[in-house]
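Fold and geometry: a report
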Amino acid sequence: MRVPLLSPLLCVALLGLGLAASESAHAENVYLFALAGGVAPRYEGGKDLQPLVLPYIAAEFDNGVFVNPQNGLGFRKQFSNGWFSSLALGYDYGRADEDRALTPGSDHLRGMGNIPESVLALLQIGINLAGDVTLSAALDQPVTATRRGWSARVDLTAPAWSRPSDQIAVTGSLHLGSDRYAQTYFGVSDKQSANSGFDAYRPDGGVDSLRLTLDWTHIFSAHWMVKTTGGVSRLLGDAADSPIVQVKNNYLAMTALVYRY
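These numbers were taken from a predicted model, which means no experiment stands behind them.

**Looking at the overall build of the protein**
Helix and strand content of the protein: four helices and twelve strands. Sequence separation of at least 24 residues holds for 58% of the intrachain contacts in the protein that already meet a minimum separation of 6. When the accessible surface of the protein is split by element, carbon and sulfur atoms take 61% of a total near 12000 Å².

Take a look at the structure:
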């Protein structure tokens, strides 16, 4: 899943924080400040985990404008029939062929070269179904470095358990990308093959991964809470068969102390 400002895997771990702001339904301004820590893979398909400690700041205003690390700067509209949509500009740090802190990259990819950073246009549409179940679809279209290709995802989120001080939600996600996207993130060109030693590989676009995440929120007061996220993703199809993929299953975990007002 490609989302802006942070590694896509880090943003999955932080996704639950953004939901806290959305719960306001634009009835008030909501601000979030958090300190998060955990572990996530260095890149999709990589076997090495990197430890993470990072701050998180987000805001959602009563006019629908929002800013946060996983969805960028944008506008969200909630309709009376349960549908919602958003349009935003975000940023993706690409991927390096060396180990880096907080952003995707691994020494295992030496010789592959860097995937360039990119400004993204992010379009999302969804609906709130019965019982607080949410179904949404999102498109990430690069505005710069457009040769990397577009990607999209479908998310289904459902509450699993709820008490006044504790809420648990489960999200299932399907991710897909264009032929260019598949080549950018999972392919190996002849030049890259010569430089890295990986076999040349030209994958087709399509569905490339499934992901399941569990978000637990423990509320101490109106302003303080702890949010914990755990997730597993599975590469599929041509993406899973890429020579740069070390493992098909990736895992992540993150917890954050959050102040909201």
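**Describing the confidence of the model for the protein**
Across the protein, pLDDT averages 90, with 90% of residues at or above 70. This model gives residues 1-9 a pLDDT under 50, and the stretch forms 50 contacts once residues within four places in sequence are excluded.

**A closer look at the pattern of salt bridges**
Enumeration over the complete set of coordinates arrives at eight salt bridges. Through salt bridges that share partners, Glu98, Arg100, Asp107 and Arg110 make up one connected network.

**Structural notes on the pairing of strand β10 (residues 206-219)**
Direction of pairing for strand β9 (residues 166-177) relative to β10: antiparallel, over a ladder of twelve bridges. Bridging across to β10, Gly177 finds its partner in Gly206. Hairpin connection of β10 to strand β11 (residues 224-235): four residues between the antiparallel strands.

**What about the nonpolar core?**
Within the largest apolar cluster, 15 residues are counted, with the highest numbers of intra-cluster contacts made by Met112, Phe186, Val188, Leu235 and Ile244. When contributions to this core are tallied by element, the ones reaching two or more residues are α2 (179-186) and α4 (237-240). Broken down by element, this core gets its largest block of residues, three residues, from α2. Discounting chain neighbours no more than four positions away, the residues touching Leu235 are Glu44, Gly45, Phe186, Asp208, Ser209, Ala240, Val245, Val247 and Lys248. With 14 residues, the next largest nonpolar core counts Leu32, Tyr56, Met254 and Ala256 among its residues.

**Overview of a nonpolar patch on the surface**
Taken together, the side chains of Leu129, Leu135, Val154, Leu156, Leu174, Val207 and Leu210 make up a nonpolar region of the molecular surface, amounting to roughly 510 Å² of accessible area. Where the nonpolar patch is concerned, the elements lending two or more residues are β8 (151-163) and β10. Here Val207 is to be found in strand β10.

**Some remarks on the side chain of Thr103**
Looking at the element boundaries, Thr103 is found in the loop between β5 (83-92) and β6 (118-128). Assessed through its relative accessible area of 18%, Thr103 is described here as buried. Look past the residues within four positions of Thr103 in its chain and what remains in contact with it is Gln50 and Tyr93.

**Considering α2**
When we look at burial in α2, the residues that qualify are Tyr181, Ala182, Thr184, Tyr185 and Phe186. The arc that holds every buried residue of α2, seen down its axis, measures 165°, which confines them to one face. In this structure, the buried residues of α2 make contact with β5, β8, β9, β10, β11 and α4.

Each value, and the rule that gives it
- Residues numbered from 1 in each chain as written.
- Predicted model: local features only at pLDDT ≥ 70, side-chain atom pairs only at ≥ 80, totals over all residues.
- Heavy atoms only, no water.
- Helix = DSSP H or I, 4+ residues; strand = E, 2+ residues; numbered from the N terminus.
- Contact = heavy atoms within 4.5 Å.
- Areas by Shrake-Rupley, 256 points an atom, 1.4 Å probe, with all protein chains shown as cover.
- pLDDT = per-residue confidence, 0-100.
- Salt bridge = Lys/Arg side-chain N within 4 Å of Asp/Glu carboxyl O.
- Pairing = 2+ DSSP bridges.
- Core = buried A, V, L, I, M, F, W, Y, C linked by side-chain atoms within 4.5 Å.
- Buried < 20%, exposed > 50% of the residue type's maximum accessible area, 1.4 Å probe, protein only.
- Patch = residues over 30% accessible without salt bridge, like charges linked within 9 Å, V, L, I, M, F, W, Y side chains within 5 Å.
- Arc of directions from axis to C-beta.

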